[in-house]
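# Chain and residue survey
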Amino acid sequence: MASMRDIKRRKGSIQSTQQITKAMKLVSTVKLQRAKQRAEQSKAYFNCMYETVTSMLAKAGGLNHPYLKAGASEKKAVVVITSNRGLAGGYNSNVVKLITKGDFKKEDLEIYAIGKKGKDTLQRHGYMIKEDDPDIIEEPSYVDAMAISRKLLASYAAGEIGEIYLAYTRFKNTVVHEPTLLKLLPVEASEAKADAQETGSKAMMNFEPEDDEALDMIIPKYVTSLIYGGLVEACASENGARMQAMDSATTNAEEMIDHLSLMYNRARQGSITQELTEIIAGANAIS
Amino acid sequence: MADDNRNFTLKIITPDRVFYEDEVSMVEFNTVEGEVGIYKDHIPMTMIIAPGILTITRGDEVKEAALHAGFTEVLPDKVTILAEIIEWPAEIDVARAEEARSRAEERIREHAPGTDMARAELALKRAVARIESVRE
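Bear in mind that the values here come from a model prediction, so they are computed numbers and not experimental data.

### Comments concerning the domain arrangement of chain A
All names here are of chain A. As far as domains go, chain A holds domain 1 (4-21 + 245-286) and domain 2 (42-244). With four residues of domain 1 in contact, the opposing surface of domain 2 contributes seven residues. Residue classes in the side of domain 1 that touches domain 2 are distributed as two nonpolar, one polar and one charged.

Structure, rendered in structure tokens:
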């Protein structure tokens, strides 16, 4: 059995770890509230954007627009949204797995990394990191999303990349976060059409300017809003994941402390009993 | 028809918040095809917004905001503006807008090779819209 002093020291160290995890849990709970609120506020914009684009595509089904068909290039760009800090359970590795375990060819991918953790892991796996913006995820803003989508669309228009994907963690609710891979471009018109029919699309819509030009202008906004939505949701998911991870860490620490306390008390009692036995044995020997 | 029936719902959404939502009688703004004013029972239409001033008329009350980018979906009894950038005059930093204007003007005048003229012009339009919305 370990000595009393060892057990005591170990208990102390676990206690201080528990204090840290407890504090981190509180911090991420507060951050989660804020991020959740933001995610909900941006949802209205995103939903409306999605409805408009789908109804537009449903109408403009036969259009031969560059944004609607895959580019000639084999290259695919993936925007990977992860966190800058760890201690969030499987949050980061789940997003990375989407790419490493998905059916992409490593040579075809260009990674636009947002968040340090994802970038580091993918770099280690030998992926090509085209861009790296670790600061965005701390405080996602629409302007940042605009800058990224502008870069992506420029390379798409120049034919450097043929497809654009977004890998992020969807925030379903506080406890459920889904790593998701979303195809940004080309927009799949057939899928969109089915969706539009389901939602019972609105009355005939007119476009000003004409469909073609309108698509030219709306699709970049659509891509931007998807990226922004991804950023905001990933931010909420990150804090949610961290909160959960820290919660279970705190519970585990509690369990270990209980166990160690029991061991400590047993050891203490054992040593007292031993001392008593020795004293009594000594007294008996003298008399 | 009674006067109060001439109102429709105007909803302005930005990525960060619901900017405005109320019953209004008229809304005017700038699109890439020119300025438009919309009353109730407009035919369904989707328009792309150009930088300019957004004017909301609600009875006798008139409100203005600087609207820079986005698009709008018009339905007979509802107008939804998806604004990427929109500001109330109170939120605008005039000094910064003036600065942006002179910078953009300079860029356009010099017309240096490699300047993105479309972007410079857009920046100029945005700055002008900001300044005007404060002045009025």
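### Considering the domain arrangement of chain B
Residue and element names in this part refer to chain B. Domain boundaries in chain B define domain 1 (3-89) and domain 2 (93-135). Domain 1 puts eight residues into the contact, and the matching count from domain 2 is eight residues. For the side of domain 1 that touches domain 2, the elements supplying multiple residues, two or more each, are strand 6 (52-58) and strand 7 (61-75). Tallying contributions element by element places strand 7 first for the side of domain 1 that touches domain 2, with four residues. Partitioned by chemical class, the residues of the side of domain 1 that touches domain 2 number five nonpolar, two polar and one charged.

### Things to note about the nonpolar core
Counting 86 residues, the largest nonpolar core has A:V78, A:V79, A:V80, A:I81, A:A167, A:I227 and A:L231 as its most contacted members. Here the element with the most residues in this core is helix 6 (residues 211-286) of chain A; it accounts for 17 residues.

### A closer look at the interface of chain B and chain A
Accessible area lost upon the coming together of the parts serves often as the stated size of an interface. Listed per partner, the contact involves 21 residues of chain B and 23 residues of chain A. Sorting the residues of the side of chain B that touches chain A by element identifies strand 5 (45-49), strand 7 and strand 8 (78-87) of chain B as the ones contributing at least two each. Here the side of chain B that touches chain A gets four residues from one element, more than from any other, and that element is strand 5 of chain B. Here the residues of the side of chain B that touches chain A are counted per class, giving twelve nonpolar, four polar and five charged.

### Observations concerning the pairing of strand 2 (residues 18-24) of chain B
Here strand 1 (residues 8-13) of chain B pairs with strand 2 of chain B via six bridges, running antiparallel. Counted as the bridge partner of B:T9 is B:E23 from strand 2 of chain B.

### Focus on unusual backbone geometry
Phi angles above zero are rare outside glycine, and A:L87 is one such case at about 55°. Relative to the helices and strands, A:L87 resides in the loop between strand 1 (76-81) and helix 2 (91-100). Since 15 C-beta atoms lie within 10 Å of it, A:L87 is described here as partly exposed. In the Ramachandran plot, B:D41 falls in the positive-phi region, its phi being about 65° despite a non-glycine side chain. Secondary-structure assignment places B:D41 in the loop between strand 4 (34-38) and strand 5.

### Regarding the pairing of strand 4 of chain B
Residues and elements named next belong to chain B. With respect to burial, strand 4 is a largely exposed element, only zero of its five residues being buried. Relative to strand 4, strand 3 (residues 26-31) is paired through five bridges, and the arrangement is antiparallel. Within strand 4, the position partnered with F29 by the bridge is V36. A loop of two residues connects strand 3 with strand 4, the two strands running antiparallel in sequence.

### Examining the sheet that holds strand 5 (residues 177-185) of chain A
Residues and elements named next belong to chain A. With mixed pairing, five strands are arranged side by side in an open sheet as 3-2-1-4-5. In this open sheet, the two edge strands, each paired with only one partner strand, are strand 3 (129-132) and strand 5. Taking each pair of neighbouring strands and ignoring which way they run, the sheet shows an average axis angle of 20°. Bridge count between strand 1 and strand 2 (residues 109-114): six bridges; the pairing is parallel. Bridge pairing in strand 2 places K76 opposite L109. Those strands touched by helix 6 are strand 1, strand 4 (163-171) and strand 5, and its axis lies near 35° from that of strand 4.

### Describing the confidence of the model for chain A
Residue and element names in this part refer to chain A. Scored by pLDDT, chain A comes out at a mean of 84, with 90% of its residues at no less than 70. Mean pLDDT across the elements of chain A bottoms out in helix 5 (residues 189-198) (52) and peaks in helix 6 (90). The model gives residues 198-202 a pLDDT under 50, and that stretch makes seven contacts with residues more than four places away or in other chains.

### Brief notes about the packing of helix 2 of chain A against helix 3 (residues 116-124) of chain A
All names here are of chain A. Their axes nearest at 10 Å, the elements helix 2 and helix 3 cross at an angle of 45°. Between helix 2 and helix 3, the angle is such that the two are oblique. Read as a crossing pair, helix 2 and helix 3 show a hand that is right-handed. In contact with N92, V95, V96 and I99 of helix 2, helix 3 contributes K117, G118, T121 and L122.

Rules used in this analysis
Residues numbered from 1 in each chain as written. Chains lettered and ligands numbered in written order. Predicted model: local features only at pLDDT ≥ 70, side-chain atom pairs only at ≥ 80, totals over all residues. Domains from an automatic or database assignment. Contact = placed C-beta atoms within 7 Å. Nonpolar A, V, L, I, M, F, W, Y, C, P; charged D, E, K, R; others polar. Helix = DSSP H or I, 4+ residues; strand = E, 2+ residues; numbered from the N terminus. Core = buried A, V, L, I, M, F, W, Y, C linked by C-beta atoms within 7 Å. Buried ≥ 20, exposed ≤ 12 C-beta atoms within 10 Å, placed from the backbone. Pairing = 2+ DSSP bridges. Axes fitted to C-alpha atoms, helices over the stretch in contact; angles between N-to-C directions. pLDDT = per-residue confidence, 0-100. Parallel < 35°, antiparallel > 145°, perpendicular 65-115°, else oblique. Left-handed = near helix turned anticlockwise from the far one by under 90°.

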